[in-house]
Amino acid sequence: MNRAVFFDRDDTLIRNVPYLKNDELIEIPQGLEVYLSRLKQVGFLLFIISNQSGVARGLLTPEDVEKVNKKLLEKLGGTFFEKIYLSYEGPSQELNWDRKPQPTMIWKAATEYDVDFEKSFFVGDRLADILCGRNGGCRTIFIDQGKKDLESYISRRLSTFIVNSVFEAIEKILSTLTLKE
Ligand SMILES: [Mg+2]
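Below: a short report on this structure. The structure presented is a predicted model; accordingly, all values stated were derived computationally and were not measured.

About the criteria used
Residues numbered from 1 in each chain as written. Predicted model: local features only at pLDDT ≥ 70, side-chain atom pairs only at ≥ 80, totals over all residues. Heavy atoms only, no water. Core = buried A, V, L, I, M, F, W, Y, C linked by side-chain atoms within 4.5 Å. Buried < 20%, exposed > 50% of the residue type's maximum accessible area, 1.4 Å probe, protein only. Helix = DSSP H or I, 4+ residues; strand = E, 2+ residues; numbered from the N terminus. Contact = heavy atoms within 4.5 Å. Donors = N, O, S within 2.8 Å, 3.2 Å for Na, K, Ca; no water.

1. Looking at the nonpolar core
Part 1 of the argument: Val5, Phe7, Leu36, Leu39, Leu46 and Phe81 are the most contacted members of the largest nonpolar core, which has 29 residues in total.
Part 2 of the argument: At the level of secondary structure, the elements contributing two or more residues to this core comprise strand S1 (3-7), helix H1 (32-41), strand S2 (44-51), helix H2 (62-76), strand S4 (121-124), strand S5 (139-143) and helix H6 (166-180).
Part 3 of the argument: Among the elements that make up this core, the one with the highest residue count is H6 (6 residues).
Part 4 of the argument: Not counting residues up to four positions away in its chain, the partners in contact with Val5 are Leu39, Phe44, Leu45, Leu46, Phe47, Phe121, Val123 and Ile173.
Part 5 of the argument: Membership of the second largest hydrophobic core comes to 15 residues, among which are Phe6, Phe47, Met105 and Phe117.

What follows is the structure in structure tokens.
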């Protein structure tokens, strides 16, 4: 079975621009590709798990989201991610089947890529990310932006690890590996 890292997209891999459709506004932290390579080198499969409710809200089309994701992958300049799983549902929809915090998207990845959740991590900046990872059965890493709101408080309490950047998150994942193997 495979170990995996599931990444949230907005404010985890790229700077959050609400309902992003202009692919010129994509901002990737400098050097991210080096860190992603390190994860790949030790055998992690990488995935992006993203709620894009702008589609349900009528603010984005699936094509807008896919265009941004394509550009994101191009800018990273490597084939780091096995697959991007997207939910276009809105929070107020009666049936939120895919949308984080449901673990549906990571369970899809598990069935398609034979993922072992006990060896896997979810990295994100929102409570929905932490809950999605927990609900799916993997360890979670909260990128803490220092907000004083209730959501951040709960995220800190429920996550396995708390870090300040995606780089620290990746260092943390790599450090757990050296301790165990
Ligand atoms: Mg986010």
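2. Observations concerning the coordination of the magnesium ion
Part 1 of the argument: The coordination sphere of the magnesium ion, as far as protein atoms go, consists of Asp8 (OD), Asp10 (O) and Asp125 (OD), spread over 2.1 to 2.2 Å.
Part 2 of the argument: Here the donor residues for the magnesium ion map to a single chain with the spacing D-x1-D-x114-D.
Part 3 of the argument: For Asp10, a relative accessible area of 15% gives the class buried.

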